[in-house]
Amino acid sequence: MRTLVTGATGFTGGHLARALASSGHQVRALVRDPSRAGDLAECGVELVAGDLRDASALARAMAGPGSPGSIDVVYHIAAIYRQAGVSRDVYRAVNATAVGQIIEAAKAAGATRVVHCSTVGVHGDVEHPPANEDAPLKPGDIYQVTKLEGERIARDTGARLGIEVTIARPTGIYGPGDRRLLKLFRGVARRRFPILGRGEIYYHLTYIDDLVDGLRLCGEHPAAANRTYILAGGEVTTLNELVALIAGVAGVPPPRLHLPVWPFWIAGAACEALCAPFGIEPPIYRRRVDFYTKSRAFDITRARQELGYAPRVGLADGIKRTLDWYREHGWI
């Protein structure tokens, strides 16, 4: 298949682009900075420079209708995650408005399907775990709000233009090269990870290889057309169980220190108020405190039954692979 991947210089997009190329697909990547994508080119990924908010860049990436290089499936992975100093308008432009523009460009180029990568964060705190795709939608911050807006725009644009759209909602993604959960792994491995609150909330991780498998099924399986899927690992733990497992793999005692939540939540609010006007990353913010207080446990029955999605990497194995990579590259 001829595929286009956005966000290919990021963690998930990069793994997906390399996996598609290694399995024989023709892969093109829309990247803002080709100098950050040298390893992709070495893997046979064709690079197209441009911003996904630029209609002309999207047209170049899609290669136009009827051309020999036109695209069959678009994997839209790019997003603004959580960055200090980024305005709400920029979040909305990238995570929501651009989704519709990508689908329009895909339709014009003759693509048959767009896979839009969203997040389980659109469900917010899961009150009755495990949550499935029909659980209440309760986004809690600008990232989650705009990702949910992107989902709605994707569905509406796909229906209006008559192009298949599949929405994937991954849980917390981890694996070799990941930076989002690096602080968790590093803190536990270095015995510097206090737990705020009781640590009995649920946490649900997805190993990157399993997520790539799920995204490919979303792009290739006939049943995935115009459907939404939660993609997650096969095991759910409490936060206490997760950090104990990381500690065991790292060969250190599990964290024992539990601290009250409220002082850190207040400190996070104050740091955000002081740092945001200057575009400075706060040393602590409320979203980080939410990590300790909001449950995340999900039901992947729909993806299993309709797509044959089957996570292969167990949590202990995935943690070991990740820790080994961090140590090999001097990150821990």
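Residues numbered from 1 in each chain as written. Predicted model: local features only at pLDDT ≥ 70, side-chain atom pairs only at ≥ 80, totals over all residues. Heavy atoms only, no water.

With that settled, the discussion passes to the nonpolar core. In this structure, Val5, Leu184 and Leu231 are the most contacted members of the largest nonpolar core, which totals 72 residues. When neighbours within four sequence positions are excluded, Val5 is seen to be in contact with Gly13, Leu16, Ala17, Leu20, Val27, Arg28, Ala29, Leu30, Tyr75 and Ile77. (Core = buried A, V, L, I, M, F, W, Y, C linked by side-chain atoms within 4.5 Å. Buried < 20%, exposed > 50% of the residue type's maximum accessible area, 1.4 Å probe, protein only. Contact = heavy atoms within 4.5 Å.)

Below, the discussion takes up the sheet that holds strand E5 (residues 113-117). Pairing is parallel in the open sheet, where 7 strands are placed in the order E3-E2-E1-E4-E5-E6-E10. Strand pairing shows two members of the sheet lacking a second neighbour, strand E3 (46-49) and strand E10 (228-231), which therefore form its edges. Between one strand and the next, the sheet's axes are offset by a mean angle of 20°, whatever the strand orientation. Where E5 lies against strand E6 (residues 164-170), 5 bridges are found, and the strand directions are parallel. Paired with Arg113 across the bridge in E6 is Glu164. Set on the sheet, helix H4 (residues 88-108) makes contact with strand E4 (73-76), E5 and E6; between it and E4 the angle comes to about 165°. Taken strand by strand, helix H5 (residues 142-161) contacts E5, E6 and E10, and its axis lies near 160° from that of E6. (Pairing = 2+ DSSP bridges. Helix = DSSP H or I, 4+ residues; strand = E, 2+ residues; numbered from the N terminus. Axes fitted to C-alpha atoms, helices over the stretch in contact; angles between N-to-C directions.)

This next bit is on the environment of Ala189. Here Ala189 lies in helix H6 (residues 182-189). What makes Ala189 buried here is its relative accessible area of 15%. The contacts of Ala189, once residues within four sequence positions are left out, are Ala250, Val252 and Ile332.

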